[in-house]
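Here's the letter readout for the chains.
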Amino acid sequence: MTRVDLPIAGAEEHKFAAISEFLGGSRIFPKGHRPTTDLEAHEALVRGLPGVSVGYLVDHLQHLEWQALEGPIAMSLRTFQRVKREKKLLDPDRSSRVWKFAEVLAKATSVLGSQQKAEEWLARPAQGLNGHRPIDLLATQTGTELVEQFLERLDYGVYV
């Protein structure tokens, strides 16, 4: 089987579209305002994502429970309920964590073929991550980088 890589512009466009959809798509990013580059994503995160974007993400998870997200997005259930109810913007740090979780979920979905498979993979110990569950590693920047590197290896067929 031959691997076909998308052109960079197409791959980047798909990446940002997938992340945006996990966060609520056009409900959060009006037409023409969805980030399409890392710099545009940075600017959106500095402004802050709407709290409803976290609600949309959580409501559309297929396998993961809320408790699994507390570390990766650094938000307790009580804070989540308040943020969702008040419809405020998240601060840049929390916006970044929510975006990064959506980015990892989008990448895992692409690599593994479905959102359900991606969520199941995130929740199971991974041999290539020394038996750690990927979702637990997303609590730190270094752990997140390890998960992203592992997903890249899986995408290229390198499993160790």
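Residues numbered from 1 in each chain as written. Predicted model: local features only at pLDDT ≥ 70, side-chain atom pairs only at ≥ 80, totals over all residues. Heavy atoms only, no water.

What to know about the overall build of the chain
Phase 1 of the analysis: A count of helices and strands for the chain gives nine helices and zero strands.
Phase 2 of the analysis: In the chain, the order of α-helices and β-strands from amino to carboxyl end is α-α-α-α-α-α-α-α-α.
Phase 3 of the analysis: A compact globule built from 160 residues should have a C-alpha radius of gyration of about 15 Å, and the chain, at 15 Å, falls within 12% of that.
Phase 4 of the analysis: By the burial criterion, 39% of the 160 residues in the chain qualify as buried.
Phase 5 of the analysis: The long-range fraction of contacts in the chain, counting pairs at least 24 apart against all pairs at least 6 apart in sequence, stands at 61%.
Phase 6 of the analysis: About 9400 Å² of surface is accessible on the chain, with carbon and sulfur atoms providing 53% of the total.
Phase 7 of the analysis: Measuring between centres, the 20 positive side-chain charges of the chain sit 5 Å from its 21 negative side-chain charges. (Helix = DSSP H or I, 4+ residues; strand = E, 2+ residues; numbered from the N terminus. Rg over C-alpha atoms; globule rule 2.2 N^0.38 Å. Buried < 20%, exposed > 50% of the residue type's maximum accessible area, 1.4 Å probe, protein only. Contact = heavy atoms within 4.5 Å. Areas by Shrake-Rupley, 256 points an atom, 1.4 Å probe, with all protein chains shown as cover. Lys, Arg positive; Asp, Glu negative; His and termini not counted. Charge placed at Lys NZ, Arg CZ, Asp CG, Glu CD.)

Examining the confidence of the model for the chain
Phase 1 of the analysis: Looking at the chain, pLDDT values average 88 and 92% of them are 70 or higher.
Phase 2 of the analysis: Contacts from residues 1–9, a stretch scored under 50 in pLDDT, to residues over four places away or in other chains number four contacts. (pLDDT = per-residue confidence, 0-100.)

Quick look at the packing of helix α6 (residues 92–112) against helix α7 (residues 115–123)
The description of two packed helices rests on the angle between their axes and on the distance between the axes.
Phase 1 of the analysis: Contact geometry of α6 with α7 gives a least axis separation of 8 Å together with a crossing angle of 115 degrees. When the axes of α6 and α7 are compared, the pair comes out roughly perpendicular. Between α6 and α7 the crossing geometry is right-handed. Contacts between α6 and α7 pair Phe101, Val104, Leu105, Ala108, Thr109 and Leu112 from the former with Gln115, Lys117, Ala118, Glu119, Trp121 and Leu122 from the latter.
Phase 2 of the analysis: Within the contact of α6 with α7, the residues separate by chemical class into eight nonpolar, two polar and two charged. (Axes fitted to C-alpha atoms, helices over the stretch in contact; angles between N-to-C directions. Parallel < 35°, antiparallel > 145°, perpendicular 65-115°, else oblique. Left-handed = near helix turned anticlockwise from the far one by under 90°. Nonpolar A, V, L, I, M, F, W, Y, C, P; charged D, E, K, R; others polar.)

A short note on the side chain of glutamate 103
Phase 1 of the analysis: Tracing the backbone through its elements, the reader meets glutamate 103 in helix α6.
Phase 2 of the analysis: Judged by its relative accessible area of 17%, glutamate 103 is buried.
Phase 3 of the analysis: Those residues in contact with glutamate 103 that sit more than four places away from it in its chain are Lys15, Ile19 and Glu148.

Observations regarding the pattern of salt bridges
Side-chain pairing between opposite charges can occur once the charged atoms of the two side chains come close.
Phase 1 of the analysis: Tallied over the entire structure, the rule returns eight salt bridges.
Phase 2 of the analysis: Residue glutamate 103 is joined to lysine 100 by a salt bridge in which the shortest nitrogen-to-oxygen separation is 3.3 Å. Placement of both glutamate 103 and lysine 100 in helix α6 is noted, with a separation of three residues, approximately one turn of the helix.
Phase 3 of the analysis: For arginine 133, the salt bridge goes to aspartate 136, with nearest N and O atoms at 2.9 Å.
Phase 4 of the analysis: The class of aspartate 136 is partly exposed, set by a relative accessible area of 44%.
Phase 5 of the analysis: Ionic contacts of the salt-bridge type, sharing partners, join the residues Lys15, Asp38, Lys100, Glu103 and Glu148 into one network. (Salt bridge = Lys/Arg side-chain N within 4 Å of Asp/Glu carboxyl O.)

With respect to the nonpolar core
Considering soluble globular proteins, one finds that nonpolar side chains tend to be buried as a cluster.
Phase 1 of the analysis: Within the largest apolar cluster, 43 residues are counted, with the highest numbers of intra-cluster contacts made by Leu23, Phe101, Trp121 and Leu122.
Phase 2 of the analysis: Element by element, the count of residues in this core is highest for α6, at nine residues.
Phase 3 of the analysis: When sequence neighbours within four positions are dropped, the list of residues in contact with leucine 122 reads Leu64, Phe101, Val104, Leu105, Arg133, Pro134, Ile135 and Leu138. (Core = buried A, V, L, I, M, F, W, Y, C linked by side-chain atoms within 4.5 Å.)

Quick word on helix α4 (residues 66–73)
Phase 1 of the analysis: Those residues of α4 that sit buried are Trp66, Ala68, Leu69, Pro72 and Ile73. The arc that holds every buried residue of α4, seen down its axis, measures 145 degrees, which confines them to one face.
Phase 2 of the analysis: The inward-facing, buried residues of α4 abut α3 (51–59), α5 (77–86), α6 and α8 (134–137).
Phase 3 of the analysis: Looking one or two places after α4, you find alanine 74, whose phi comes out positive at around 50 degrees. (Arc of directions from axis to C-beta.)

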